[in-house]
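Structure at a glance
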Amino acid sequence: MASKGWQHPYVNIFKHVKVEDWKRAAKEGDVSTCTNKTLKCSVFQIKGPVPANSYILIPKNINHSLGLTGRYFYLLFRPTPGKYFVVHLDVSAEEGQVVRISFSNMFKEFKSTATWLQFPFLCGAAKDSVYESTAKSARHGLVGPAPTSARWTCLMLDLQYTLSVYLNRRYSHLKSIKLCANMAVKNMFTSDLLLDPGVSFSEAKLMGLASSQGTGPIPREMSFPVPKGGSWHDLYDYIRFPSEGTKLPFDSIQKGDPKPDTRCVSRNRSPIREESRCVSLSKPVQDRVSLIQQITTPKSLPRNQTPVVTNVPELGVVCTHQYHELLSHDEEEHQQDSTCSSSQHLTSRPPCDVDDGGVHVYVHPEDGCSQHGEESEEEFVCTPVPHPIHLSSSKKNRQQKLLPDPILRLDRIIGFGGATTKCALWTKSGDAVVYPCHAIIVSMKVSSNRQRFFIGHTDKVSALAFNGNTTLLASAQTGSHSLVRVWNYHKGNCLAIFRSHAHSISSLSFSYGGGILCGVGKDGHNKTMVLVWNTLNVGKGGEVTVLAKAHTDVDIHTIKVAFFDDTRMVSCGRDNIRLWRVRNGSLRSCPVNLGEYHSGDFTDVAFEEGSQNLDERTLFASSRSGHIFEIDYSRVVVRNVRRLLPAQQQHANRREKRTFNTGQGIAVNSISVSSSFCATGSEDGFLRLWPLDFSAAFLEAEHEGPVSLVSVSSDSLQVLAATCTGNLGFLDVSSRGYSTLMRSHADTVLGFSVDGIRRHLTTASSDGTVRIWNMDSLQQLFDFVSEDSPCSVAFHPSEQVFSCGFSSGIVRVFDISSAKLLAEHKQHRGEVVGLAFSPDGEFMYSADSQGSLALHNASEEEHDVIRVVCNVVARGTERAPDALAVSCDSRCLAFVGPSEYVVTIADARSLDELLHVDVSILDVASPRLDSALKVCFSPASTDHLLVATSANKILWVSTKTGRLLREVSKVHKHQCSSLAVSEDARFLLTAGHNAVKVWDYNMQLHINSQMFIGHSQPIRQVSFTPDQLGVVSVGDGIFLWDFLAHPVDSLADSRSPLGVSSIAAPKSVEQEAEVSRVQLSNGMPRQTAPLPSSPPPQLDVSALEVNEEALGSLSICDDVQTVPAVPASGSCPSSEPRPAVSFLKVTDLVSTSPMNTDHTGVVELKEKKPARPDCYRHFFPRFKTSTLDQAAVAPQLGEEGIKLKAVIGYNGNGRGNMVWSPDQGLFAYSCGCLVVVEYLHTGRQRHLQGHSEEISCLAVTNDAQTVASAAGGSNGNRSLICIWDVQKGTCRKTISYHRGAVQSLAFSRDDRFFLSVGDFSDPEVALWSTKTFQLLSSFNVSGAIHDAAFSPSAASQLACAGSQGVYFCLIHTQGSDVELKVQKVKAPAEVGDVELTALCFHMDSFVFTATNRGHVCVWDINAQRCFMTWEADEGEIGVLLCRGNRLLTGSNTRWLRLWEVEAVQGVKPREKVCNVEDSGTMVVLEQEIMLDGATVSAAFDNTMDMGIVGTTAGTLWYINWSDNTSTRLVSGHKTKVNDVAFSSDERHFATCSEDGSVRVWSTLSNELVVQFQVLNQACGCVCWSPSSSKDSECVAAGYSDGTLRIFRLASSEMEMKLHPHNVAVTAVQYSANGHVILSAGKNGLVAVSSPVNGATIRIIRDHKGAPITTIQCVNEQCKNFGLEGNEMWLAASDDRRVSVWAADWMKDRCDLLDWLTFPAPAYFGDDSPPPSLAAFYPADPSLVVYTGYGVEKELSFYSLANKQIIKKVALPHWATCFSLSCKSQLVAVGSKERVLKLIKSTSGRFQDFLQHSDSLQTCHFSPSGTLLFTVAYNEILLWEVQGL
């Protein structure tokens, strides 16, 4: 089993076991060998009247296993005519379970258990025989004895498919085979290949069938002989399971359609794998379908589907554009009968049948196609003819379905009980509690409240039982079809399922060892039935059998198996306690003589722990009268009776002599005994602990309702208690603390609403309560009880307010924070059926069952009624609780009314009716009038209204015209009870009866929905959570689901032109990876950073209308990124240093005049701007509004106050901006305007500083002594190329030549020449001498050039690739004159209108070019013509690299691929046209790796074994092809960095970005330690906890959705999620002592939150209306200022106000110390004014330093003691950020002019640093003042502070 290679391609089973020797195989009965005339070989004949008595068994020893891993099992046999046969296959699943698969012609129907599948076999007949014609027309009686004309049959069973579909198991291997009479057998074999017995080897060769494609002919030794000229299918039968036949029953093994077309696409092409099939499940199989198993219905393709192309060359995959061509055909031909999945226009609006009434499981026959191993073997055939051959690259031909699969995952359930509250169990370890919640069994960890689920019951669970070591769990469900399931508790899988023969099991008990299971229920005559099952072999896949059963007239509440003897049980009930025993297959009982107590109601029994001696066993029993009975088990007599009284009197060690009427006893419902005490649960709500003599209760815990169950844990340290009201908790005996695990409603949940800000959930229930829940902890926060019945609830969108509607018509509004009633309205006379707030929170709406609709003013606490309209809403209660829908823009209100056939859309502010839509006239063919049930607006597009109707349809209606846009029929089997649409309008959520469905909103897939079950009662309401990360459904319980859909911005895009192709469906491997990264609804971040998309997502064209606005946005998008005007030429920057300015003075502020612009530049501006090329390979500088201050001067070398230590990140916006020389060890890349030279063995960096703009590309000489870098010129000057001496780190030469950006740089092979290429605005190629760097030659072209390269062998050859084609260049040197001879050749017509994006040389005579559509073209240099192409990628290829015979391609689909291109050398263009048959060229895909972004740079060694690759995500990867690994070398933020913060010990620093990531780095190594990613949110601020302990170190981050998340560094997990704001968080800071967290929102509110429990302690509103920019906290005694407090904190807002506060958080004190307001003139700038910034002066916290927009540009020092400004330091620019050092009185100030100023605050001395390429947005000194961080966009620089 260690190696499976020996089993490929097949295993001959008879030969493998040497069946003739009968040593490893066994035979029984009449088994003989004979020669068969038809097959002309010997076969085994098995005969016998009883199949079970004559058989062949392989292997002989049942404890051994064949271990055959082949997916397909082939049996070559002939059934004996007129007889019955049976075949048993024992198959092992990966889960460890053995499943028997049996098929026989004696089975009448399909049957299944968890360990046995029985399939009826339908025998075939000879062609044109009477039986065949009869069987074709028959619909019954197909199963039976084999006909006389039964033929030799090749049967193929797909074992993997069978286990997956019918049992949801993963196939591992075939264990054993048993062939039972009556049959003749030639042989058996297993294989992973799908073989066709009707194809000979010669035919297979002609058809191109090969094992590498997963198919082929059947092996010769297994084949049936076919006479010359005969047809195999005329002589024999080929039966495949899964079957393709149309006969009944469906779950049978039968002959398929004999037409060859069903098996093979074409005779000249290999068979395509069959598409995923739909399998109808019988009822037993439905019972086994788990909750997460998707139940969907496949949709047929439109009739105009493009046929599969069969003349494609032999590729490993299939053509991709079939489905997309289908879409375009629909648009052109306007097919009226196409389904919704392909409808692209309004005229094509047929209904979509999405449910055929049955339950289906959608499965994939083999997803192995998409595995990496198979993709590595793809081959491409090329033909050497003069004209290029276009090779279609292959893709899988599969149906598109809703992804990911599954899209929902059950995360948590709020609820306990359902059928009973007397079932709850401890695990043996005591760390988890198992309990039922309606039809689902929940296992909850008591420490974390995390839940896992046992799903499979179809009705409420009525009983549970564990075996002694809690490895087996038994459960029973209520109802007429009561089922019992046995589970493996630790793995969570069901081991057995069987009927109980009782109407409802009320009690279950396992024996200690798990071999016996006992149950009690009622039979059909309502008599008590006791059953005992044998479960000894259930863990090994064995069956569960009934050992004994008994019917009795006595009442039994509880039965328990004695833990010391599996054959003994004890039961109790009304008027009886009985002892039971199983003996000789019968169940006998004897009653305990209760004497005078015989008429009591006995509720529970428990055995005393202790001696194993039977004679000393004591049994305890409890009763409702309060008596505890001690029973001598061996003598069956009552040893002692004690009565438990509320005030217990002494009754120890003596029999109770009083009668039942003596005093009022405690009605005991449950009893549990440990070795040291006894626990009782009683009707008075008390859990009591007693000593074993019951002298007095030593511990009590009171509950809200009667205690229905108590259970002592195995270690006797904890006691579990459950109440009749649905509460579950446990008492810690040692600490005497009580913990509530779960509360629940006692009746149906009618409706709910979610507070997305605070993650609270409110529910209304038929039990008369309204409850508020915490969605993360599942704890109940509030319980509102009313005599009136609540029926609908709604949360205010932002405030802690909710409203509730009652059945009496009253609407009440509650304030949760103060727990008070705000308003009560009694306008309604009927039950409130609809209640909703407008999204903006201004209005509230309520509707009742009598047709009234009310509008309330929600902006005021009283919620006054503005208007009431009568008879506008449809009467009745069936539309509750969500009869009203409000559009996301708060403008429209929709509801059903005034009749049930009409939907009304009204003005949400006035209730004026805008539109009526009559849904009854939309389907004229229907015999019944269709009525509307529910309405829902599409959140992303308010002109869509969705209507659910009584005809089980959903209608898409235009809110503007009322026109029907789309409809979907057969949505559920029952009527839709609730619907909701996701905020991005990508998904639709519906509920029908007990099921939830998730749909593709646009209905554009083959399979548009997934269905989820789990509720045992009809679902009343379902909706997305406000953060769109979860789904809530309510009915019997409250189900919280994780919504696993991929966010829009994480989907990769191929950047194909609109309408030409579409985004390819991600492969299964990618899907799994994506699902594992999806953020869950509990707010936990993903474990790893998502793979960012690049380039931006493609425009999505609506399936409903031709959206002209969407098309128009294409041009708008392009206009936003327009190319800057061609700059005027100017002088090169002077190399002479200007005199340094030492001190800041106001008088020194002189505005520099702009440089003169000559007239040539003006003329050029008026010229037509060149078109921007449509490819990502071309470099476009990131758009900036900042300009460099030309007056700033860098300090002299050696005199710098700060020294650049490290650069964090890599510029993924560059192109070719990374170089690596493996031989010399040089590794350099660019970040912003810096070139970083990194030494990989030490991690040390050196920085080449000379540019002021973003560097576009780099190049290195072959000796690695010189590096060239190019960047744009500052202030409109020409681009600057710097030539660097690597060893010295100095700039040897600068070149300023190209007017636009520089697209590419290259050195020749001998390092004599240097090439530079301008971008599309100035596409000029310049050739330079590397000795003098003088221009030798140049030429201009008409279109953009994207790439250029020198020949690796001939120094005089070079080539360029661009929009117009490829340019072959030859350098002619005559003396000192150098001339470039250029020949342009256009791209071959076969690849279409493309851009040639990348280029590289191969050997001496070939050039590879790539296109923006994924093609690779091969060119002959001498002939200057393209002779071969193939499609190497789905998107644009931006990087080509060739080493030897290996070619590397990198694209914007994130794939990095390695190709073997050796065969290209053998292909030469010829004068005459060469036939295709003459070519044998193959280009082989060797390996591929998916990275985190589009490839922009690559460098590899000479063998292409290892290299470094840069991506647009700002990551540099080390690639090792030998072991196919990728390692992150350099990583940085792709988007803007918003904040950076040091930890208190300075060992780490944290950064946060617009992409939602928080990254923690090591300060010592600058390596990324951990990354916390939150998708769809921007992270605006970050801070560290003040603790210095490693274990307690935390990072807090604020996000754009108003949340705070606290991450613990030690565990790399999110500690807590808080939601104190409903707007973006702009600042966050721990208090100085870490007791609270202060956070500020964009609206100016400051929240004080507890980091312990996440509660918001207080809200400070003083800055309301202006965004807060800064919060800072310091330790400082405030007595000097006349206030109490041990720390101070300040907040600065954009309205130039600073508040300073004194606080003592432990005493809950926070007082305003000072309020500063700084004056300023009106701001008339185009952008926003400079920020207002403030900070405490580190050396003296009584000083506050402020800067911001004002009268002057300055730093102001304000004294809190003197209440005045005591010092000002003038600044030349407005500050965008500043930071104060705790030593040397240093201040760092950043500005929009890209200058970092280091200022000595005492003297005003300063220095300027110009290392950033954009305006600075953040700077921070470390706590010790030795390090400084500065940030400009995504450039992070770390400086060492030397001091001024």
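Here the structure is a predicted model, which means the values were calculated and not measured.

**As for the overall build of the chain**
When helices and strands are tallied, the chain shows 11 helices and 132 strands. Counting over 1844 residues, the chain shows a buried share of 59%. Counting only contacts in the chain whose residues sit at least 6 apart along the sequence, the fraction spanning at least 24 positions is 53%. Split by element, the accessible area of the chain, about 72300 Å² in all, is 49% carbon and sulfur.

**A look at the sheet that holds strand E108 (residues 1557-1562)**
Spatial ordering of the open sheet is given by E106-E107-E108-E109, a layout of 4 strands whose pairing is antiparallel. The open sheet has two free edges, formed respectively by strand E106 (1537-1542) and strand E109 (1568-1573), since each of these has just one partner strand. Taking each pair of neighbouring strands and ignoring which way they run, the sheet shows an average axis angle of 15°. The sheet contact formed by E108 and E109 spans 5 bridges and is antiparallel. Paired with Val 1560 across the strands is Val 1570, a residue of E109.

**Things to note about the state of the cysteines**
Throughout the structure, instances matching the rule amount to 0 disulfides. The cysteine Cys 1579 is free of any disulfide, with Cys 1552 supplying the nearest cysteine sulfur at 3.9 Å.

**What about the pairing of strand E111 (residues 1594-1599)?**
For a regular strand, the rule is simple: side chains alternate between the two faces of the sheet. Most of E111 sits out of view: 6 of its 6 residues are buried. Covered by surrounding structure in E111 are Cys 1594, Ala 1596 and Gly 1598 together with Val 1595, Ala 1597 and Tyr 1599, the residues of both alternating faces. Pairing between strand E110 (residues 1579-1584) and E111: 5 bridges, direction antiparallel. Within E111, the residue paired with Cys 1581 across the bridge is Gly 1598. Relative to strand E112 (residues 1604-1608), E111 is paired through 5 bridges, and the arrangement is antiparallel. Of the residues in E112, the one forming a bridge with Gly 1598 is Leu 1604. The turn joining E111 and E112, which pair antiparallel and follow one another in sequence, is formed by 4 residues; a positive phi near 90° is taken by Gly 1602.

**Describing the side chain of Glu 1253**
Relative to the helices and strands, Glu 1253 resides in the loop between strand E81 (1245-1249) and strand E82 (1255-1260). Only 2.8 Å separates the side chain of Glu 1253 from the side chain of Arg 1794, close enough to count as a polar contact.

**Thoughts on the pattern of salt bridges**
When their charged atoms lie close together, side chains carrying opposite charge are able to pair. Following the criterion strictly, the structure yields 56 salt bridges and no others. Across the salt bridge formed by Arg 759 and Asp 1027, the nearest N and O atoms sit 3.2 Å from each other. Placement of the pair is Arg 759 in the loop between strand E50 (749-755) and strand E51 (760-765) and Asp 1027 in the loop between strand E74 (1021-1024) and strand E75 (1030-1034), with a sequence separation of 268 residues. Using a relative accessible area of 6% as the deciding quantity, one classes Arg 759 as buried. The exposure class assigned to Asp 1027 is partly exposed, which follows from its relative accessible area of 27%. Here the salt bridges share partners, and the residues they tie into one network are Arg 759, Asp 776, Asp 1027 and Lys 1617.

**As for the sheet that holds strand E54 (residues 790-795)**
Strand order in the open sheet formed by 4 strands is E54-E55-E56-E57, with antiparallel pairing between adjacent strands. Whereas interior strands pair on both sides, the edge strands pair on one side only; in this sheet they are E54 and strand E57 (820-825). With strand direction ignored, the average angle separating the axes of adjacent strands in the sheet is 20°. With 5 bridges connecting them, strand E55 (residues 801-806) and strand E56 (residues 811-815) associate as antiparallel partners. Along E56, the bridge assignment pairs Phe 802 with Phe 814.

**Regarding a negative patch on the surface**
Together, Glu 860, Glu 861, Glu 862 and Asp 864 make up a region of like negative charge exposed at the surface. Along the chain, the position of Glu 861 falls in the loop between strand E60 (853-857) and strand E61 (865-869). You can call Glu 861 partly exposed: its relative accessible area is 45%.

**Comments concerning helix H3 (residues 159-167)**
The element H3 is largely enclosed, with a buried count of 7 among its 9 residues. Restricting attention to buried positions, one finds in H3 the residues Leu 159, Tyr 161, Thr 162, Leu 163, Val 165, Tyr 166 and Leu 167. One or two steps after H3, the chain reaches Asn 168, where phi turns positive at roughly 60°.

**So, the packing of aromatic side chains**
Between two aromatic rings, the relevant description is the distance of the centres plus the angle of the planes. Across all of its chains, the model carries 67 aromatic pairs by this definition. Ring geometry for Phe 563 and Phe 564: centres 5.6 Å apart, planes at 80°, overall edge-to-face. For Phe 563, a relative accessible area of 31% corresponds to the partly exposed category. Under the relative-accessibility criterion, Phe 564 is labelled buried at 19%.

**Some words on the side chain of Asp 1322**
Its place among the elements puts Asp 1322 in the loop between strand E87 (1313-1318) and strand E88 (1324-1329). For Asp 1322, the residues in contact, after removing those within four places along its chain, are His 1298, Arg 1299, Gly 1300 and Asn 1340.

**Remarks on unusual backbone geometry**
The omega torsion of the bond from Asp 405 to Pro 406 falls at 5°, within 30 degrees of zero and hence cis. Secondary-structure assignment places Pro 406 in the loop between strand E20 (379-382) and strand E21 (408-414). Of note, the amide linkage connecting Ala 880 to Pro 881 takes the cis form, showing an omega dihedral of 5°. Relative to the elements of secondary structure, Pro 881 occurs in the loop between E61 and strand E62 (884-886). One non-glycine residue, Lys 970, lies in the positive phi region at around 50°. Residue placement: Lys 970 occurs in the loop between strand E69 (964-969) and strand E70 (976-981). By relative accessible area, Lys 970 is classed as partly exposed at 40%. Although it is not a glycine, Asn 1566 sits at a positive phi angle of roughly 60°.

**Considerations on the confidence of the model for the chain**
Averaged over the chain, the pLDDT score is 81; the fraction of residues at 70 or greater is 81%. Considering only residues more than four positions removed or in separate chains, one finds that residues 258-397, a stretch of pLDDT under 50, has 374 contacts.

**Here we look at the environment of Gly 1289**
With respect to the element layout, Gly 1289 can be found in the loop between strand E84 (1280-1285) and strand E85 (1290-1296). Expressed as a C-alpha distance, the spacing of Gly 1289 and Leu 1248, which sit 41 residues apart in the sequence, is 6.3 Å. Excluding residues that lie within four positions of it along the chain, Gly 1289 makes contacts with Arg 1246 and Leu 1248.

**Quick word on the environment of Pro 197**
As for its position among the elements, Pro 197 is in the loop between strand E14 (194-196) and helix H4 (201-207). Residue class for Pro 197 comes out buried when judged on its relative accessible area of 7%. For the pair Pro 197 and Gly 216, spaced 19 residues apart in sequence, the C-alpha separation works out to 8.9 Å.

**Description of the environment of His 503**
Relative to the elements of secondary structure, His 503 occurs in the loop between strand E29 (494-499) and strand E30 (505-510). A C-alpha to C-alpha distance of 5.9 Å links His 503 and Gly 479, two positions 24 residues apart in sequence. Setting aside residues up to four positions removed in sequence, His 503 forms contacts with Thr 478, Gly 479, Ser 480, Ser 482, Lys 522, Asp 523 and Gly 524.

**Focus: the pairing of strand E10 (residues 116-120)**
The buried fraction of E10 amounts to 4 of the 5 residues, a majority that puts the element mostly inside the structure. Taken together, the 5 bridges between strand E8 (residues 98-104) and E10 define a ladder with parallel strand orientation. In the sheet register, Arg 100 faces E10, and the bridge partner there is Trp 116. Taken together, the 2 bridges between strand E9 (residues 111-112) and E10 define a ladder with antiparallel strand orientation. Within E10, the residue paired with Lys 111 across the bridge is Gln 118. Between E9 and E10, which pair antiparallel one after the other, the connecting turn spans 3 residues.

Definitions and cut-offs
The numbers attached to residues start from 1 for each chain and follow its sequence in the written order. It should be noted that, the model being predicted, local features are given only for residues of pLDDT at least 70 and side-chain atom pairs only at 80 or more, the latter also being counted only at that level, while totals for whole chains, interfaces and linings use all residues. Think of the side-chain values as coming from all heavy atoms in the structure, minus any hydrogens and water. Under the scheme used here, helices are H or I runs from DSSP no shorter than 4 residues and strands are E runs no shorter than 2 residues, and both carry numbers assigned from the N terminus. Note on exposure labels: buried denotes an accessible area under 20% of the residue type's maximum, exposed denotes more than 50%, and partly exposed covers the range between, all computed with a 1.4 Å probe on protein chains only. Note on contacts: a residue pair qualifies if any of its non-hydrogen atoms lie within 4.5 Å across the two residues. Throughout, the Shrake-Rupley method with a 1.4 Å probe supplies accessible areas, and for residues the shown protein chains are the sole cover considered. Pairing between two strands is assigned when DSSP locates at least 2 bridges connecting them. Under this scheme, a helix contributes an axis fitted over its contacting stretch, all axes are lines through C-alpha atoms, and angles between N-to-C directions fall in the 0 to 180 degree range. When two cysteine sulfur atoms are found within 2.5 Å, that pair is recorded as a disulfide. In protein, a polar contact means a hydrogen-donor-capable atom and an acceptor-capable atom, both N or O and within 3.5 Å, with residues adjacent in sequence counting only if both atoms are side-chain atoms; elsewhere, any N or O pair within 3.5 Å suffices. Salt bridges, as used here, are contacts in which a Lys or Arg side-chain nitrogen is within 4 Å of a carboxyl oxygen on Asp or Glu. Candidate patch residues must exceed 30% relative accessible area and have no salt bridge, after which like charges are joined if within 9 Å and Val, Leu, Ile, Met, Phe, Trp or Tyr side chains if within 5 Å. Lys and Arg are tallied as positive, Asp and Glu as negative. Neither His nor the chain termini are counted. One atom stands in for each charge, and that atom is NZ of Lys, CZ of Arg, CG of Asp or CD of Glu. Ring pairs shown here join Phe, Tyr and Trp side chains whose ring centres sit within 6.5 Å, with only the six-membered ring taken for Trp; geometry is labelled stacked below 30 degrees between planes, edge-to-face above 60, and tilted in between. Confidence per residue, as judged by the predictor, is encoded in pLDDT with a range of 0 to 100.

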